[in-house]
Amino acid sequence: MATFNAERRVFDRLRADCSDEVRTQYENAIRVLLERYNTTIYENRFVVGGAVEVFTCAILRSVGIDCTLYSSQEAKGDILLPGGKQVSIKGSFTGKRQGVILMNKRGGGTREWDTATLFVVSNVGIVYGTPQMVGSDDVKDVGDSLVLRYPGLASLIADPANVIPMDIAVKQPTEMTGFSHKASAAVARQVLFETKADALLSAFPT
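As the structure is a prediction and not an experimental result, all values here were calculated from the model. (Residues numbered from 1 in each chain as written. Predicted model: local features only at pLDDT ≥ 70, side-chain atom pairs only at ≥ 80, totals over all residues. Heavy atoms only, no water.)

1. Details of the overall build of the protein
Moving on, step 1. Helices and strands together make up the secondary structure of the protein, namely 6 helices and 9 strands.
Moving on, step 2. In the protein, which comprises 206 residues, the share counted as buried stands at 39%.
Moving on, step 3. Total accessible area on the protein stands at roughly 11,400 Å², and carbon and sulfur atoms take up 52% of it. (Helix = DSSP H or I, 4+ residues; strand = E, 2+ residues; numbered from the N terminus. Buried < 20%, exposed > 50% of the residue type's maximum accessible area, 1.4 Å probe, protein only. Areas by Shrake-Rupley, 256 points an atom, 1.4 Å probe, with all protein chains shown as cover.)

2. Concerning the sheet that holds strand 7 (residues 139-141)
Moving on, step 1. If you trace the 3 strands from one edge of the open sheet to the other, you get 4-8-7, paired in antiparallel fashion. At either end of the open sheet lies a strand with only one pairing partner, and these are strand 4 (100-104) and strand 7. Looking at each pair of strands side by side, their axes are set apart by 25° on average, direction ignored.
Moving on, step 2. Two elements, strand 7 and strand 8 (residues 145-148), share 3 bridges in a ladder whose sense is antiparallel. For Val139, the partnering residue across the bridge sits in strand 8 and is Leu148. (Pairing = 2+ DSSP bridges. Axes fitted to C-alpha atoms, helices over the stretch in contact; angles between N-to-C directions.)

3. Overview of the pairing of strand 5 (residues 116-121)
Moving on, step 1. Burial analysis of strand 5 places 6 of its 6 residues in the buried class, which makes it a mostly covered element.
Moving on, step 2. Burial along strand 5 is two-sided: the face carrying Ala116, Leu118 and Val120 and the face carrying Thr117, Phe119 and Val121 are both buried.
Moving on, step 3. In this structure, strand 3 (residues 86-92) lies alongside strand 5, joined through 6 bridges in parallel fashion. Each residue of the ladder has a partner; that of Ile89, found in strand 5, is Leu118.
Moving on, step 4. Where strand 5 and strand 6 (residues 125-129) come together, 5 bridges link them in antiparallel fashion. Residue Leu118 lies in a different strand from strand 6, and its bridge partner there is Tyr128.
Moving on, step 5. Between strand 5 and the antiparallel strand that follows it, strand 6, lie 3 residues; Asn123 among them carries a positive phi value of about 65°.

4. Comments concerning the sheet that holds strand 1 (residues 68-69)
Moving on, step 1. With mixed pairing, the 6 strands of this open sheet are ordered in space as 1-2-3-5-6-9. Each edge of the sheet is formed by a strand with only one pairing partner; in this case those strands are strand 1 and strand 9 (163-165).
Moving on, step 2. Here strand 2 (residues 79-80) runs beside strand 3; their pairing, made up of 2 bridges, is antiparallel. Paired with Leu80 across the bridge in strand 3 is Gln86.

5. Quick word on the nonpolar core
Moving on, step 1. The biggest cluster of nonpolar side chains holds 34 residues, and the ones touching the most others in it are Leu14, Tyr26, Ile30, Val52, Phe93, Val120 and Ile126.
Moving on, step 2. Those elements that place two or more of their residues in this core are helix 1 (5-17), helix 2 (20-36), helix 3 (42-62), strand 3, strand 5 and strand 6.
Moving on, step 3. It is helix 3 that provides the largest number of residues to this core, a total of 6 residues.
Moving on, step 4. Leave out the neighbours within four places in its chain, and Ile126 touches Phe11, Leu14, Tyr26, Leu118, Phe119, Asn162, Val163, Ile164 and Met166.
Moving on, step 5. Val100, Trp113, Leu146 and Val163 belong to the second largest nonpolar core, which has 13 residues in total. (Core = buried A, V, L, I, M, F, W, Y, C linked by side-chain atoms within 4.5 Å. Contact = heavy atoms within 4.5 Å.)

6. A short note on the packing of aromatic side chains
Moving on, step 1. Under the criterion given, the structure shown has 3 aromatic pairs.
Moving on, step 2. With a centroid separation of 6.2 Å and 70° between ring planes, the pair formed by Trp113 and Phe119 is classed as edge-to-face. In this structure, Trp113 and Phe119 share a single accessibility class: buried. (Phe/Tyr/Trp six-rings, centres within 6.5 Å; stacked < 30°, edge-to-face > 60°.)

7. Description of the environment of Tyr26
Moving on, step 1. Mapping Tyr26 onto the fold places it in helix 2.
Moving on, step 2. Along the chain, Tyr26 and Phe55 lie 29 residues apart, while their C-alpha atoms are 6.7 Å from each other.
Moving on, step 3. For Tyr26, the residues in contact, after removing those within four places along its chain, are Val52, Phe55, Thr56, Ile59, Val120, Ile126, Met166 and Ile168.
Moving on, step 4. Among the polar contacts made by the side chain of Tyr26, one reaches the side chain of Thr56 at a distance of 2.7 Å. (Polar contact = N/O pair within 3.5 Å; in protein donor to acceptor, adjacent residues only side chain to side chain.)

8. Quick notes on the pattern of salt bridges
Moving on, step 1. One pass over the full model with this rule turns up 5 salt bridges.
Moving on, step 2. In this structure, the salt-bridge partner of Asp12 is Arg15, at a minimum N-O distance of 3.7 Å. Of this pair, Asp12 and Arg15 both sit in helix 1, 3 residues apart, roughly one helical turn.
Moving on, step 3. In this structure Asp12 comes out as partly exposed when scored by relative accessible area, which is 29%.
Moving on, step 4. As a salt-bridge pair, Arg31 and Asp167 come within 3.1 Å of each other at their nearest N and O atoms. Highlighted residues: Arg31 in helix 2 and Asp167 in the loop between strand 9 and helix 5 (183-194), separated in sequence by 136 residues.
Moving on, step 5. Within this structure, Arg8, Asp12 and Arg15 form a network of salt bridges that share partners. (Salt bridge = Lys/Arg side-chain N within 4 Å of Asp/Glu carboxyl O.)

Below you can see the structure in the form of structure tokens.
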């Protein structure tokens, strides 16, 4: 059975050593991200998730933790720590009492949550959790994904030792979707601009 001792030490160091300046920068980065890329638009969820992984890797490195981004190479973990240890990053930005998707199963079969996870939760902060810290009933297979049900997340949040309090923003409401960037359109426009594709830019859909 995994013990997650190294992962716990990483979280405890972040909780102890993160400066107010860095904490504020992390909060602001997530706030701007959620303002620009409304996760009501499905494709934006991947962009937001990936950006939060980058922000979280940066905040860990700001306190001297040796870590690298890893999600492009490994399905289970998002951040690689020394010794081959992994930490997964999962965001919950609705501000509602709801569960968090631990992993998309990408087809049938059984999957298990077996990676220490940092949950970035609106109105709460960064929350540390492992499979051993919640009940077996708190993790539910819903067919295409594995979900940590809200009671399990709430039990983690209830212990102050598991939480780095932060002012994590709530995502924009659904009715604000029309004012949001769409990830693919933003990338497409940037590429057209860099390649000086003036004819395509002049015909770019708005």
